[in-house]
Amino acid sequence: MSAGSVREFQQSLADLDTASTVVSPDEFETELEDIIETPAVGAELPFDDPSLSDLPVQLEPSPAQLREAVTGVTGARMGIASLGTVAVESRSRGDEFVALYPACHVVVVRERDIRADLSDAFSWLRAEFEAGRQSLILATGPSSTGDMGALVQGVHGPEEVHIVIIRDNE
């Protein structure tokens, strides 16, 4: 994925009042530790490297830990640059609950997993479904609703979202 797509992704996220940070693989742990507010819960990232295991993040949290958590950390298997959308896989490791319950959701996505637009994303989704991965959550910005009139954030999910983009090794 090009640097232009990362810039477009960050602009789309900014338009949604969603913070983003671009880090190198070497900077990942330090930057993530600065972003998360404890207590934090998480689901191990859906790619081999990096890992959350050395960070102050409770993996495989209990229901009580989910209720008390300020931050939830998950990975995303795909981002859509033109929309600022991420695809969080719903796995038995609890990604969906970790993404939904804490007030702040921190999402980690690799640069190579950012697709330019919805057309590219659907091609990727087709391949994922054919590979048997059929449960993904497409999330765009903080949870919000206008059911009661004025737009309110954080009613059905996180009030704040921060996307961490890991640059590909050059």
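A brief structural summary. Remember, it's a predicted structure, so these values are computed and weren't measured experimentally.

Calculation rules
- Residues numbered from 1 in each chain as written.
- Predicted model: local features only at pLDDT ≥ 70, side-chain atom pairs only at ≥ 80, totals over all residues.
- Heavy atoms only, no water.
- Helix = DSSP H or I, 4+ residues; strand = E, 2+ residues; numbered from the N terminus.
- Contact = heavy atoms within 4.5 Å.
- Core = buried A, V, L, I, M, F, W, Y, C linked by side-chain atoms within 4.5 Å.
- Buried < 20%, exposed > 50% of the residue type's maximum accessible area, 1.4 Å probe, protein only.
- Pairing = 2+ DSSP bridges.
- Axes fitted to C-alpha atoms, helices over the stretch in contact; angles between N-to-C directions.
- Salt bridge = Lys/Arg side-chain N within 4 Å of Asp/Glu carboxyl O.

## Some points on the side chain of Asp95
Thinking step 1. Structurally, the position occupied by Asp95 is in helix 4 (residues 95–100).
Thinking step 2. Dropping the residues within four chain positions of it, Asp95 is found in contact with Ala43, Glu44, Thr74, Val88 and Glu89.

## Comments concerning the nonpolar core
Thinking step 1. Core analysis: the largest hydrophobic core is formed by 16 residues, its most contacted members being Phe28, Leu32, Val73 and Val108.
Thinking step 2. Mapped by element, the contributors of at least two residues to this core are helix 2 (28–35), strand 7 (104–110) and strand 12 (160–166).
Thinking step 3. Of the residues forming this core, the biggest block, three residues, is contributed by strand 7.
Thinking step 4. Those residues in contact with Phe28 that lie beyond four places of it in its chain are Val23, Leu45, Pro50, Ser51, Leu52, Leu55, Val108, Val164 and Ile166.
Thinking step 5. In terms of nonpolar packing, the next biggest core, distinct from the first, is built from 13 residues, Phe9, Val107, Val161 and Ile163 among them.

## What about the environment of Pro102?
Thinking step 1. As for its placement among the helices and strands, Pro102 is situated in the loop between helix 4 and strand 7.
Thinking step 2. Sequence separation between Pro102 and Leu59 is 43 residues; the distance between their C-alpha atoms is 14 Å.
Thinking step 3. With residues near it in sequence (within four places) discarded, Pro102 still touches Val41, Ala69, Val70, Thr71, Gly72, Phe97 and Pro158.

## Focus: the sheet that holds strand 7
Thinking step 1. With respect to topology, six strands assemble into an open sheet ordered 1-12-7-4-2-3, the strand pairing being parallel. Looking at strand neighbours, the two that pair on one side only are strand 1 (19–23) and strand 3 (58–59), the edges of this open sheet.
Thinking step 2. The pairing of strand 2 (residues 40–42) with strand 4 (residues 71–75) spans three bridges and is classified as parallel. Each bridged residue has a counterpart across the sheet, and for Gly42 the counterpart in strand 4 is Val73.
Thinking step 3. Against the sheet, helix 2 touches strand 1, strand 4, strand 7 and strand 12, its axis set at about 175 degrees to strand 12.

## Comments concerning the pattern of salt bridges
Thinking step 1. Applying the stated criterion to the full structure yields six salt bridges.
Thinking step 2. Arg77 is paired through a salt bridge with Glu89; the nearest N and O atoms lie 3.4 Å apart. One end of the pair, Arg77, is in the loop between strand 4 and strand 5 (78–80); the other, Glu89, is in strand 6 (residues 85–89), and 12 residues separate them in sequence.
Thinking step 3. Put simply, Asp95 and Arg91 hold a salt bridge, and the shortest N to O gap is 2.9 Å.
Thinking step 4. With a relative accessible area of 1%, Asp95 lands in the buried category.
Thinking step 5. Put simply, Arg77, Glu89, Glu128 and Arg133 are held in one network by salt bridges that share partners.

## Digging into the environment of Val57
Thinking step 1. By secondary structure assignment, the location of Val57 is in the loop between strand 2 and strand 3.
Thinking step 2. Not counting the four nearest positions on each side in its chain, Val57 is found in contact with Ile36, Ala40, Val41, Gly42 and Val73.

## Re the sheet that holds strand 6
Thinking step 1. With mixed pairing, the four strands of this open sheet are ordered in space as 8-5-6-9. Edge positions in the sheet fall to strand 8 (114–115) and strand 9 (136–140), since each of these pairs with one other strand and no more.
Thinking step 2. Pairing analysis gives two bridges linking strand 5 to strand 8, with the strands arranged parallel. Opposite Gly79, over in strand 8, you have Ile114 as the bridge partner.
Thinking step 3. The strands that helix 5 (residues 118–130) touches are strand 5, strand 6, strand 8 and strand 9; relative to strand 5, the one it contacts most, it runs at about 160 degrees.

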